[in-house]
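# Structure assessment
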Amino acid sequence: MKTKYFHITSPDQEEDIRAAAAILRAGGLAGIPTETVYGLGANGLDGAAVGRIFQAKGRPQDNPLILHIPEAEWLRRYCKNIPPAAWRLAERFWPGPLTMILQRKVNVPNAVTCGLDTVGVRCPDHPVTLAIIRAAGVPVAAPSGNLSGRPSPTCARHMEEDMDGKIDAIVDGGPCGVGVESTIVDLTAPVPRLLRPGGLPLEDLRAVLGEVAVDRAVLSPLDPGEKPRAPGMKYRHYAPRAPVTVVSGEGRRTARYIRRNLGDHTGVICFEEYRDQFPGCQVRSIGSAQDRGEQARRVFDALRSFDGTDVTAIFAQCPGDGGLGLAVANRLKKAAGFQVVELGEGTP
Ligand code: TXA
Ligand code: MG
C-alpha cells in the first residue's frame, strides 16, 4: 500500500483536514499527531477498521485501545455511569494528556475494548487532530503509532519508520510537545487508580481527586502470570534492539557508575550536564537533569536512535519520581525490562 503524506500545520487547511477525515470515515488507517505521541487512528465505531490497527502494529489482541474525542460532551455517547470526578478532570485537564477509564456503552465495538466492559477515553490537545476528528464525526480509536514493542513515535519521521507502506496516510503535524503518552486513570475503581504515569503529573491528578492509588505495574515488573489492570502494562515495551540498563540515583554518582562499566559498543542516554563524560560512546542527551519536560520530549527519540547503530548495550541515567519524572522513569525502566541499578546514598 502506498502511504499518503499530509503536512498540516493549522486546522485552517480545510481541504487536507477533510481528506484525512475521509480516510478515517472510509475505514482507513491514519497516523495522527497528538500532544503526547503520534497515534495510529481508525474510526472507533468501525470494528473492522479497528482490527486493521492491530494487524499494522502487530499488537496483541488483548490490549484495548483509547477512544479520542473532540470534547468532553462526547463522553455521554460512549460511556455510562460517568462519575462527577470525570467531569471535574475533563474540565480541568482536557484537551490534554489524560485518559480516563470509564464504563462503556454497548455502541463501543469489542474490537476497541477487547471485550472489557470499560473504555479508555481522551481528548487530545492538538488542533489538527481535533479538527480531523470533528470533520470525521466519529471517535478515533488510536494506540501509539509504533510497531508493537518499539518506542512510541514523537514525530512524523518515527511514524514513517514504523508504518510507511502499511497504512493509508500519515499526517505530519510537527513534533509532539509532551513526548510521553497520556496519564491513564481508572475511575471505575472505588478509589481512582493510576494505571500508567504520563504527560499529566500524578500530583496534578491528586490535586483534583484527592486520593489516587498507584497500580503496582507502574513501579515494578509483574510477577509471572500476574494480570495487570491496563493490559498493555504486561508487554515488553519501548525497547531498542540493544538491551538497556537504567542507572538510578544522583547524577554524578550514576555518571561515574556508567563510566566504570562502559564496554566497546556502549550507548549512553544521559542528562545534558554529563554528556562529555563518556568518550568513545554513542551519547544521547535527553536535556538538563532539572528539565523533566525536555526529558519527556526526548526520551523516545533517544531510545529509537540506537537502532541501526553498532551499539550492543545501553545505559540510561534516570530522573526521580516527581512531576513528569515518574513517566520518564517508567518508560526507561520498561525499555530496560526493569533492569535497574539503584545507587543509593551510601554507594561510592
Ligand atoms: O497518549 C496516548 O495515550 C497515546 C495517544 C496516541 O493518544 N495513545 C496510547 O495508546 O498510548 P496505547 O494503546 O499505546 O496505550 C493505551 C494503554 C494500553 O496500555 C492499554 O492496555 C490501556 O491503555 N487501556 C486501554 N483501554 C483500557 C481499559 N479499558 N482498561 C484498562 N486499560 C486500558
Ligand atoms: Mg503504546
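The structure this text deals with has already been given above.
Residues numbered from 1 in each chain as written. Chains lettered and ligands numbered in written order. Predicted model: local features only at pLDDT ≥ 70, side-chain atom pairs only at ≥ 80, totals over all residues. Heavy atoms only, no water.

## Structural notes on the overall build of the protein
Operational definition: A run of H or I in DSSP becomes a helix once it reaches four residues, and a run of E becomes a strand once it reaches two; helices and strands are each numbered from the N terminus. In this description the radius of gyration comes from C-alpha coordinates, and the expected globular size is given by 2.2 Å times residues to the power 0.38. Burial status follows relative accessibility: with a 1.4 Å probe on protein chains alone, a residue under 20% of its type maximum counts as buried, one over 50% as exposed, and anything between as partly exposed. Note on definitions: a residue-residue contact is assigned when non-hydrogen atoms from the two residues lie within 4.5 Å. In these tables, accessible area is a Shrake-Rupley quantity obtained with a 1.4 Å probe, and a residue counts as shielded only by the protein chains included in the view. Asp and Glu count as negative and Lys and Arg as positive, but His and the ends of the chain are not part of the count. Charge positions are represented by NZ for Lys, CZ for Arg, CG for Asp and CD for Glu.
Secondary structure summary: the protein contains 12 helices and 17 strands in total. Its C-alpha atoms give the protein a radius of gyration of 20 Å, within 12% of the compact-globule value 20 Å for 348 residues. Residues counted as buried form 57% of the 348 residues belonging to the protein. Of the contacts made within the protein by residues no fewer than 6 positions apart, 66% connect residues no fewer than 24 positions apart. Roughly 14,200 Å² of accessible area belongs to the protein as shown, and the carbon and sulfur atoms make up 49% of that amount. Averaged over its 42 positive side-chain charges, the protein has a centre that lies 4 Å from the centre of its 39 negative ones.

## Side note on the state of the cysteines
Worth spelling out the cut-off: We call a pair of cysteine sulfur atoms a disulfide whenever their separation is within 2.5 Å.
Within the structure shown, the criterion is met by zero disulfides. Considering cysteine sulfurs only, Cys270 is the nearest to Cys318, which forms no disulfide, with 13 Å between them.

## Here we look at the packing of aromatic side chains
How two aromatic rings sit relative to each other is given by the distance of their centres and the angle of their planes. Definition in use: Aromatic rings from Phe, Tyr and Trp, with only the six-membered ring used for Trp, were paired whenever their centres fell within 6.5 Å, and each pair was classed as stacked if the ring planes differed by under 30 degrees, edge-to-face if by over 60, and tilted otherwise. Any Lys NZ or Arg CZ found within 6 Å of a ring centre and within 35 degrees of that ring's normal is scored as a charge over the ring.
Taken as a whole and judged by the stated rule, the model has two aromatic pairs. Over the aromatic face of Phe306 sits the side chain of Arg284, whose NZ or CZ is 4.5 Å from the ring centroid.

## Some remarks on the side chain of Ser152
Stated precisely, the cut-off is as follows: In the analysis that follows, any N or O atom pair within 3.5 Å is treated as a polar contact, provided that within protein one partner can donate a hydrogen and the other can accept it, and provided that, for residues neighboring in sequence, both atoms belong to side chains.
Along the polypeptide, Ser152 turns up in the loop between β8 (140-141) and α7 (156-163). At 2.5 Å, the side chain of Ser152 forms a polar contact with the side chain of Glu181. Once residues within four sequence positions are removed from consideration, Ser152 is found in contact with Val37, Ser144, Asn146, His158, Glu181, Tyr238, Phe300 and Arg304.

## Regarding the nonpolar core
In plain terms, the rule: We call a set of buried Ala, Val, Leu, Ile, Met, Phe, Trp, Tyr and Cys residues a nonpolar core when their side-chain atoms join them within 4.5 Å.
Judged by nonpolar contacts, the single largest core of 48 residues is most densely connected at Leu89, Trp94, Leu98, Met100 and Leu205. Those elements that provide at least two residues to this core are β3 (39-43), α2 (47-57), α3 (75-78), α4 (84-93), β6 (98-104), β7 (118-122), α7 and α8 (202-209). The contact partners of Leu89, leaving out residues within four places of it in the chain, are Trp94, Leu98, Met100, Val185, Leu187, Leu205, Val208 and Leu209. Counting 39 residues, the second-largest nonpolar core is a separate cluster that includes Val178, Val311, Val328 and Leu343.

## Focus on the packing of α4 against α8
Test applied: Lines fitted to C-alpha atoms define the axes here, with helix axes fitted over just the stretch in contact, and angles between the N-to-C directions of these axes take values from 0 to 180 degrees. Any angle from 65 to 115 degrees is called roughly perpendicular, while one under 35 is roughly parallel, one over 145 is roughly antiparallel, and all others are oblique. Helix crossings fall into two classes, left-handed where the near helix is turned counterclockwise from the far one by less than a right angle and right-handed where it is turned clockwise. Each residue is assigned to one class: nonpolar for Ala, Val, Leu, Ile, Met, Phe, Trp, Tyr, Cys and Pro, charged for Asp, Glu, Lys and Arg, and polar for all the others, Gly among them.
Axis separation between α4 and α8 bottoms out at 10 Å; the angle between their running directions is 130°. As far as their axial angle goes, α8 and α4 are oblique. Between α4 and α8 lies a crossing whose hand is right-handed. Contact residues: Ala85, Arg88, Leu89, Arg92 and Phe93 in α4; Asp204, Leu205, Val208 and Leu209 in α8. Of the residues assigned to the contact of α4 with α8, the class counts are six nonpolar, no polar and three charged.

## Quick notes on the sheet that holds strand β13 (residues 244-249)
Under the convention used in this document: Paired strands are those between which DSSP finds at least two bridges.
Pairing within the open sheet is parallel, and its five strands lie in the order β15-β14-β16-β13-β17. The sheet is open, and its two borders are formed by β15 (282-285) and β17 (340-343), each paired with just one other strand. Each neighbouring strand pair of the sheet contributes to a mean axis angle of 20°, computed without reference to strand direction. The sheet contact formed by β13 and strand β16 (residues 313-318) spans five bridges and is parallel. Within β16, the position partnered with Val247 by the bridge is Gln317. Sheet strands touched by helix α10 (residues 251-260): β13, β14 (266-270), β16 and β17. Its angle to β16, the strand with the most contacts, is close to 170°. Across the sheet, helix α11 (residues 292-305) is in contact with β13, β14 and β15; its angle to β15 comes to roughly 165°.

## Brief notes about the pattern of salt bridges
Put simply, the rule is: Every case where a carboxyl oxygen of Asp or Glu lies within 4 Å of a side-chain nitrogen of Lys or Arg is listed as a salt bridge.
Within the structure shown, the criterion is met by 20 salt bridges. In this structure, Arg150 and Glu161 form a salt bridge, with 3.9 Å as the shortest nitrogen-oxygen distance. You can see Arg150 sitting in the loop between β8 and α7 and its partner Glu161 sitting in helix α7, a full 11 residues away along the chain. Looking at Arg150, the relative accessible area reads 14%, which means it is buried. Glu294 is paired through a salt bridge with Arg297; the nearest N and O atoms lie 3.0 Å apart. Taken together, the residues Glu294 and Arg297, both in helix α11 and three residues apart, mark about one turn of the helix.

## Notes on helix α12 (residues 325-335)
With respect to burial, α12 is a largely interior element, 11 of its 11 residues being buried. Of the positions making up α12, those classed as buried are Gly325, Leu326, Ala327, Val328, Ala329, Asn330, Arg331, Leu332, Lys333, Lys334 and Ala335. Backbone geometry just after α12 places Gly337 at a positive phi near 55°.

## Some remarks on the site of ligand 1
Heads up, the rule is: We call a residue near a molecule or strand whenever a single non-hydrogen atom of that residue lies within 4 Å of it.
By nearness alone, 27 residues border ligand 1, and Thr36, Asn63, His68, Ser182 and Gly232 come closest of all. Within the side chain of Thr36, an N or O atom sits 2.7 Å from an oxygen atom of ligand 1. Between ligand 1 and Ser182, the relevant distance is 2.5 Å, taken from an oxygen atom to a side-chain nitrogen or oxygen of the residue. For ligand 1, whose accessible area on its own is 680 Å², the fraction buried by protein is 97%. Those elements that provide at least two residues to the shell around ligand 1 are β4 (66-68), β7 and β11 (193-196). Among the elements that make up the shell around ligand 1, the one with the highest residue count is β7 (four residues).

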